[in-house]
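Remarks on the overall topology
Each chain, written out:
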Amino acid sequence: MAGLVAYACIYLHATSVQCSMDQSSHPELAWLKHEYHPSDAQFAQVAQLHDAYRPKCAEMCRRIDDQNANVQQLLASTNTVTPEIKQALTKAAQLRVECQSAMMQHFYEVSRAMPPEQGKRYLSWVQQETLVPGQMVPTGPGQAMLH
């Protein structure tokens, strides 16, 4: 019986942090708060930046998805690289550059809202995670998740 009680206490303690993060106003940012320990004011600023960036990111993903569908349609209609395919691929590449630039700008803004040393550590991590090929994993139309 004592072992069961001890297990229950340990389990509840271990899961209480995750439960409180899941119930916060920005559960998707709970990992950031746990990992980088911003003050409440700094976290509020990060959350505000996140909320402002989210629709821009969704729109950029939509545009990239649309352009990728266009490229796929052009590729399916021929067995050679046509000028239209080259143009569509160039536009797709330009959209990716625009997306990466906006994403990096967002990361810089977030890092400036954090304690300086934590902001540097955060920037180092996001640069490694987002600029290494294959790190962004699509999770559905218009969505990506850092792996």
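As a starting point, this report considers the structure included with it. (Residues numbered from 1 in each chain as written. Predicted model: local features only at pLDDT ≥ 70, side-chain atom pairs only at ≥ 80, totals over all residues. Heavy atoms only, no water.)

Within the structure shown, the criterion is met by eight salt bridges. A salt bridge links Asp 40 to Lys 33; the nearest nitrogen and oxygen atoms lie 3.4 Å apart. In this structure Asp 40 comes out as exposed when scored by relative accessible area, which is 60%. Its salt-bridge partner being Glu 117, residue Lys 120 comes within 3.7 Å of it at the nearest N-O pair. Of this pair, Lys 120 and Glu 117 both sit in helix H5 (residues 116-131), three residues apart, which is roughly one turn of that helix. One salt-bridge network, held together by shared partners, links Glu 28, Asp 51 and Arg 54. (Salt bridge = Lys/Arg side-chain N within 4 Å of Asp/Glu carboxyl O. Buried < 20%, exposed > 50% of the residue type's maximum accessible area, 1.4 Å probe, protein only. Helix = DSSP H or I, 4+ residues; strand = E, 2+ residues; numbered from the N terminus.)

Another aspect to go through is unusual backbone geometry. Although it is not a glycine, His 37 sits at a positive phi angle of roughly 50°. Tracing the backbone through its elements, the reader meets His 37 in the loop between helix H2 (30-36) and helix H3 (40-76).

With that settled, consider the environment of Gln 48. Within the element layout of this structure, Gln 48 appears in helix H3. In this structure, the C-alpha to C-alpha distance between Gln 48 and Val 110, residues 62 residues apart in sequence, is 9.6 Å.

Checked against the element boundaries, Val 46 lands in helix H3. It is 8.7 Å that separates the C-alpha atoms of Val 46 and Leu 29, two residues lying 17 residues apart in sequence. Discounting chain neighbours no more than four positions away, the residues touching Val 46 are Leu 29, Leu 32, Val 110, Ala 113 and Met 114. (Contact = heavy atoms within 4.5 Å.)

Applying the stated criterion across every chain, the model contains four aromatic pairs. Judged by centre distance (5.7 Å) and plane angle (90°), the ring pair of Tyr 36 and Tyr 122 falls under edge-to-face. In this pair, Tyr 36 sits in helix H2 while Tyr 122 sits in helix H5, placing the two residues 86 residues apart along the sequence. Exposure remark for Tyr 36: the relative accessible area of 3% places this residue in the buried category. For Tyr 122, a relative accessible area of 4% puts it in the buried group. With 6.2 Å between their ring centres and 85° between their planes, Phe 107 and Tyr 122 make a pair best called edge-to-face. Here Phe 107, found in helix H4 (residues 83-112), pairs with Tyr 122, found in helix H5; they are 15 residues apart in sequence, far enough to count as distant. Here Phe 107 matches Tyr 122 in class, with each residue buried. (Phe/Tyr/Trp six-rings, centres within 6.5 Å; stacked < 30°, edge-to-face > 60°.)

Turning our eyes to something else, we now look at H5. Spanning 16 residues, H5 covers 22 Å between terminal C-alpha atoms, matching the ideal 22 Å at 1.5 Å per step. For H5, the set of buried residues is Gln 118, Gly 119, Tyr 122, Leu 123, Val 126, Glu 129 and Thr 130. Buried residues of H5, seen end-on, are gathered within an arc of 140° and therefore sit on one face of the element. With respect to the buried face of H5, the exposed residues turned more than 90 degrees away are Glu 117 and Lys 120. (Expected span 1.5 Å × (residues − 1). Arc of directions from axis to C-beta.)

A separate point is the packing of H4 against H5. Where H4 meets H5, the axes come as close as 9 Å, and the angle between the chain directions of the two elements is 160°. With respect to their mutual orientation, H4 and H5 come out roughly antiparallel. Taken as a pair, H4 and H5 cross one another with a handedness that is right-handed. Residue-level inspection shows Gln 100, Met 103, Met 104, Phe 107, Tyr 108, Val 110 and Ser 111 of H4 in contact with H5, the latter providing Gly 119, Tyr 122, Leu 123, Val 126, Gln 127, Thr 130 and Leu 131. Of the residues contributing to the contact of H4 with H5, the split by class is nine nonpolar, five polar and no charged. (Axes fitted to C-alpha atoms, helices over the stretch in contact; angles between N-to-C directions. Parallel < 35°, antiparallel > 145°, perpendicular 65-115°, else oblique. Left-handed = near helix turned anticlockwise from the far one by under 90°. Nonpolar A, V, L, I, M, F, W, Y, C, P; charged D, E, K, R; others polar.)

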